[in-house]
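# Structure at a glance
One-letter residues, chain by chain:
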Amino acid sequence: MIIKKDSVLSLDKFINESLYNKKLGYYMKSNPFGEKGDFITSPNISVLFSEMIAIWVISFWENLNCPKQFNLIELGAGNGEMMTIMISTFQKFPQFKNSCNIKILEKSKHLKKLQKKIIKDRKVEWLNDLKNLNNLPCIFIANEFFDALPIKQFIKKKGKWFERYVKFNNKIKSEYLDILFDIKKLEEEIKFKISLKQNFIEYSPLALKYLKIITNKIDNNDGGILIIDYGYLEKEMKNTIQAVSKHKYTNILNNFRNSDITYNLSFNLISQIIKKLGSFFQATTTQKKFLTKLGILKRAEILSKNMLFSKKAAMYFRVKRLIDEKQMGNLFKVTFITNKKCKFKLGF
């Protein structure tokens, strides 16, 4: 899309252009992950995070009665670090490994190339569309995936709803523009009253699209999805959109295509959407409780027995960052969605 002076885009289209423009989009031209990038995710902090996710997946597969063939799908694999560690863990469980068809959904060609260099397993397949999945049981992993999807914002002013747009004053500088909107049109589309007791709404049409496809796969073929992301549990929605560059917050409007734009997930909204999509079991907890129940501290203790003090201290410092309530422990939430009949609740 060519951006001209006085161009006006809805917020979700502005974010999509900024992050996913085929040539100039933020995620399409560079690797934003790690110390040298713009932000750090849990797999970049400690290999123990990815190990815990791997153990959770294996345990869930066992709960599904060890299907001889199933799909493990990572939604947005970043720099490939998490899947690399998970595959390394899977090697110790040959029956599981032989049953597991690993698939990655990745939109960025740049990141896909990076992932293919790092992930050595020849069985791994990259997807362009979840609709192409076969009819095997599916376990979906979404670590910081949904927060990277474009969102719309709606603001209530004096009893009327407005949708937020972005107006370009020139190719670089822009400003917000709120345009009157009939909220009933949105509610008819999503089949529930999203505006009830709200003065502000953040909603991702693309997230709804993915959740429809995923829950349909789970409903018809068995399996589940594990969502790990930063967000909040309160019912009242709020403005959480933010941009990050070089590990610092930056102005969303003035750093077009050169910063990560993200937002905090409303886990209450996700729960409402899932309830409208069918009869599913849902459980939500904090990252601290999830990783602790999975045994991350016990695993750290085992690994640290023969370590030098400096390495041991570094490992515990990284684990603390993942589970400390003042750091990622409470900020990040974990949601598990599966069939109603499923009794699996490891980590919750």
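As shown above, the structure is provided for reference.
Residues numbered from 1 in each chain as written. Predicted model: local features only at pLDDT ≥ 70, side-chain atom pairs only at ≥ 80, totals over all residues. Heavy atoms only, no water.

Turning our eyes to something else, we now look at a nonpolar patch on the surface. There is a patch of nonpolar side chains on the surface, built from Val8, Leu177 and Ile179 and spanning about 190 Å² of accessible area. Summarising the element assignment, Val8 is placed in strand β1 (residues 8–10). (Patch = residues over 30% accessible without salt bridge, like charges linked within 9 Å, V, L, I, M, F, W, Y side chains within 5 Å. Areas by Shrake-Rupley, 256 points an atom, 1.4 Å probe, with all protein chains shown as cover. Salt bridge = Lys/Arg side-chain N within 4 Å of Asp/Glu carboxyl O. Helix = DSSP H or I, 4+ residues; strand = E, 2+ residues; numbered from the N terminus.)

Right, let's talk about the pairing of strand β11 (residues 242–245) for a bit. As judged from the three bridges shared by β11 and strand β13 (residues 260–262), these two strands associate in the antiparallel manner. Counted as the bridge partner of Val244 is Asp260 from β13. In this sheet, strand β12 (residues 248–250) lies alongside β11 in antiparallel orientation, the contact comprising three bridges. The residue bridging Ser245 from the neighbouring strand is Lys248, located in β12. (Pairing = 2+ DSSP bridges.)

In this section: the side chain of Lys217. Structurally, the position occupied by Lys217 is in helix α9 (residues 205–221). Asp129 provides the closest opposite charge to the buried, unpaired Lys217, separated from it by 8.7 Å. Filtering out sequence-adjacent residues up to four positions away, Lys217 remains in contact with Leu130, Lys131, Leu133, Asn134, Asn135, Phe140 and Asp222. (Buried < 20%, exposed > 50% of the residue type's maximum accessible area, 1.4 Å probe, protein only. Lys, Arg positive; Asp, Glu negative; His and termini not counted. Contact = heavy atoms within 4.5 Å.)

Okay, the environment of Thr335 next. As for its placement among the helices and strands, Thr335 is situated in strand β16 (residues 332–339). Taking the C-alpha atoms as reference points, Thr335 and Ile85, 250 residues apart in sequence, are found 22 Å from one another. For Thr335, the side chain forms a polar contact with the side chain of Thr284, separated by 2.8 Å. (Polar contact = N/O pair within 3.5 Å; in protein donor to acceptor, adjacent residues only side chain to side chain.)

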